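In case you want the letters, here they are:
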Amino acid sequence: MKVLVVGAGALGQVFGMWLAAGGAQVSYLVKPGREHWADGDGALLYRLRRPGRPVEQRLTPYQVVTEPVAGEWDMVWLCVDSTALPGSWTGDLHAATGGATVVTISQAPQDHAVLTRTWPAEQIIQVVPALLAYQAPMPGEVCEPGIAYWAPPGAALGVFGTEPRARQVIAALRAGGARARRTRQAGAADITAARMMPYIAALENVGWSIAATRYAHAARASREAVAIAAAVHGRRAPLAIPAWAVSVALRALPLLVPFDLPRYLETHFTKVSAQTRLMLDGWIAEGAARGLPVTHLTQLRAEASA
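This is a predicted model, so every value here is computed, not measured.

Conventions adopted
Residues numbered from 1 in each chain as written. Predicted model: local features only at pLDDT ≥ 70, side-chain atom pairs only at ≥ 80, totals over all residues. Heavy atoms only, no water. Helix = DSSP H or I, 4+ residues; strand = E, 2+ residues; numbered from the N terminus. Rg over C-alpha atoms; globule rule 2.2 N^0.38 Å. Buried < 20%, exposed > 50% of the residue type's maximum accessible area, 1.4 Å probe, protein only. Expected span 1.5 Å × (residues − 1). Contact = heavy atoms within 4.5 Å. Pairing = 2+ DSSP bridges. Axes fitted to C-alpha atoms, helices over the stretch in contact; angles between N-to-C directions. Salt bridge = Lys/Arg side-chain N within 4 Å of Asp/Glu carboxyl O. Right-handed = clockwise from strand over helix to strand, strands pointing away. Parallel < 35°, antiparallel > 145°, perpendicular 65-115°, else oblique. Left-handed = near helix turned anticlockwise from the far one by under 90°. Nonpolar A, V, L, I, M, F, W, Y, C, P; charged D, E, K, R; others polar. Core = buried A, V, L, I, M, F, W, Y, C linked by side-chain atoms within 4.5 Å. Patch = residues over 30% accessible without salt bridge, like charges linked within 9 Å, V, L, I, M, F, W, Y side chains within 5 Å. Areas by Shrake-Rupley, 256 points an atom, 1.4 Å probe, with all protein chains shown as cover.

(A) Inspection of the overall build of the chain at higher detail. Looking only at helices and strands, one finds ten helices and twelve strands in the chain. Taking 2.2 N^0.38 as the reference for a compact globule, 306 residues should give roughly 19 Å; the C-alpha atoms of the chain span a radius of gyration of 19 Å, in line with that estimate. If you line up the chain on its principal axes, its C-alpha atoms span 50 × 45 × 35 Å. Within the chain, buried positions represent 47% of all 306 residues.

Rendered as structure tokens:
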């Protein structure tokens, strides 16, 4: 199987490693200047465990290119954030890869519409990342530079899309040791993102302080985003998660995960803050167009610009 991964960030490397471990020939498309990121012995990754020491793994791409290479590609994985998806480069990529299965890991409300301007909807598969990954070392960590990742015990990557492409993606991930399962409910990934991202925005608005976050305010914005995401997919909005439950979880999780969670949240989501704002803008625009409440989302977005 020939796979082209677009983007060599943390998640792009983890997915590429799993696919390569399953026997795929994995190549990378990166920005000019990044073509040497895996030279030498390949890229170093750390699978974090609790308890136990990290397990070192290696990723050696088949090739790294800065322009799409025409060929008989089986899959194209778009491991870039939502702000990178619009643009003419996707047309060049489509021309080079033809009917390859297109796998996206993004979850912004605009993403599907953006992607279907280039690819037929039945060609697109969405994977919901059930893991956390980052560029190591973070401050305070002692290790060689690489990508650290942690998949919560029992968690599985959700795969949504048409047959047989969804099964193809699941089989490729499982062959490399990843847990993956079919998600049949339309919008499951989008609703998950709508539930979570307002809390991320609220954390960022108070400088990533778990103690200072306004959970009730974030919960109201989250309920609005979930209602909008559900409406887009013709579904009834699921029950909201109480603000107190999120507050308790964010205070307890640092004791359970094998890395500094508050520092991870700050490091990772500060880097992709433009994507967070894009997601808020998407829910606000969609909600306003449908006549749904967006008061708390709008307030949250205004605070993000302050």
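Here the narrative resumes, following the displayed structure.
(B) Helix H6 (residues 215–232), seen in detail. When the terminal C-alpha atoms of H6 are compared, their 25 Å separation across 18 residues agrees well with the 26 Å that a helix rising 1.5 Å per residue should span. When H6 is considered as a whole, its buried residues turn out to be Tyr215, His217, Ala218, Ala219, Ala221, Ser222, Glu224, Ala225, Val226, Ile228, Ala229 and Ala230. Elements in contact with the buried residues of H6: helix H5 (188–205), helix H7 (243–252), helix H9 (273–290) and helix H10 (295–305). Positive phi shows up at glycine 234, right after H6, with a value of about 65 degrees.

(C) Main features of the sheet that holds strand E9 (residues 132–136). The sheet built from four strands is open, its strands ordered E4-E3-E10-E9 with mixed pairing. Because the sheet does not close on itself, it has two edges, and the strands there are strand E4 (55–59) and E9. Looking at each pair of strands side by side, their axes are set apart by 25 degrees on average, direction ignored. Two strands pair when backbone bridges link them, and strand E3 (residues 43–47) and strand E10 (residues 146–150) are joined in this way by three bridges, in the parallel orientation. Within E10, the position partnered with leucine 45 by the bridge is isoleucine 147.

(D) Examining the pattern of salt bridges more closely. What the rule picks out here adds up to seven salt bridges. Shared partners join several salt bridges into a network, and the residues in it are Glu163, Arg167 and Arg182.

(E) Highlighting the pairing of strand E2 (residues 25–29). Summarising burial for E2: four of the five residues are buried, a large majority. A crossover connection joins strand E1 (residues 2–6) to the parallel E2 through helix H1 (residues 10–21); in handedness this β-α-β unit is right-handed.

(F) Quick peek at the packing of H5 against H6. Running from N to C, H5 and H6 point in directions that differ by 155 degrees, and their axes come no closer than 8 Å. Taken together, the axes of H5 and H6 lie roughly antiparallel to each other. In terms of crossing hand, the pair formed by H5 and H6 is right-handed. Between H5 and H6, the contacting residues are Asp190, Ile191, Ala194, Arg195, Pro198, Tyr199 and Ala202 on the first element and Tyr215, Ala218, Ala219, Ala221, Ser222, Ala225, Val226, Ala229 and Ala230 on the second. Residues belonging to the contact of H5 with H6 are distributed by class as follows: 13 nonpolar, one polar and two charged.

(G) Broad picture of the nonpolar core. Ranked by internal contacts, the top residues of the largest apolar core, which has 46 residues, are Tyr134, Phe259, Tyr264, Leu265, Phe269, Trp283 and Leu297. If near-sequence neighbours (up to four positions away) are discounted, phenylalanine 269 is found in contact with Met197, Ile200, Glu204, Trp208 and Tyr264. Counting 38 residues, the second largest nonpolar core, distinct from the first, contains Ala8, Leu59, Trp77 and Val159.

(H) Quick peek at the sheet that holds strand E12 (residues 180–182). Sheet architecture is open: eight strands sit in the order E5-E2-E1-E6-E7-E8-E11-E12, paired in mixed fashion. Where the open sheet ends on each side, the last strands, each with one partner, are strand E5 (63–65) and E12. Taking each pair of neighbouring strands and ignoring which way they run, the sheet shows an average axis angle of 25 degrees. In terms of strand pairing, strand E8 (residues 124–128) meets strand E11 (residues 157–160) through three bridges, oriented antiparallel. For glutamine 126, the partnering residue across the bridge sits in E11 and is phenylalanine 160.

(I) Examining the side chain of threonine 90 more closely. Tracing the backbone shows threonine 90 in helix H2 (residues 89–97). Apart from residues lying up to four places away in sequence, threonine 90 is in contact with Leu85, Thr118 and Trp119.

(J) Expanded view of a nonpolar patch on the surface. Nonpolar side chains collect at one region of the surface, where Leu253, Leu255 and Leu256 lie side by side and expose about 300 Å² of accessible area between them. Note that leucine 255 resides in the loop between H7 and helix H8 (261–271).

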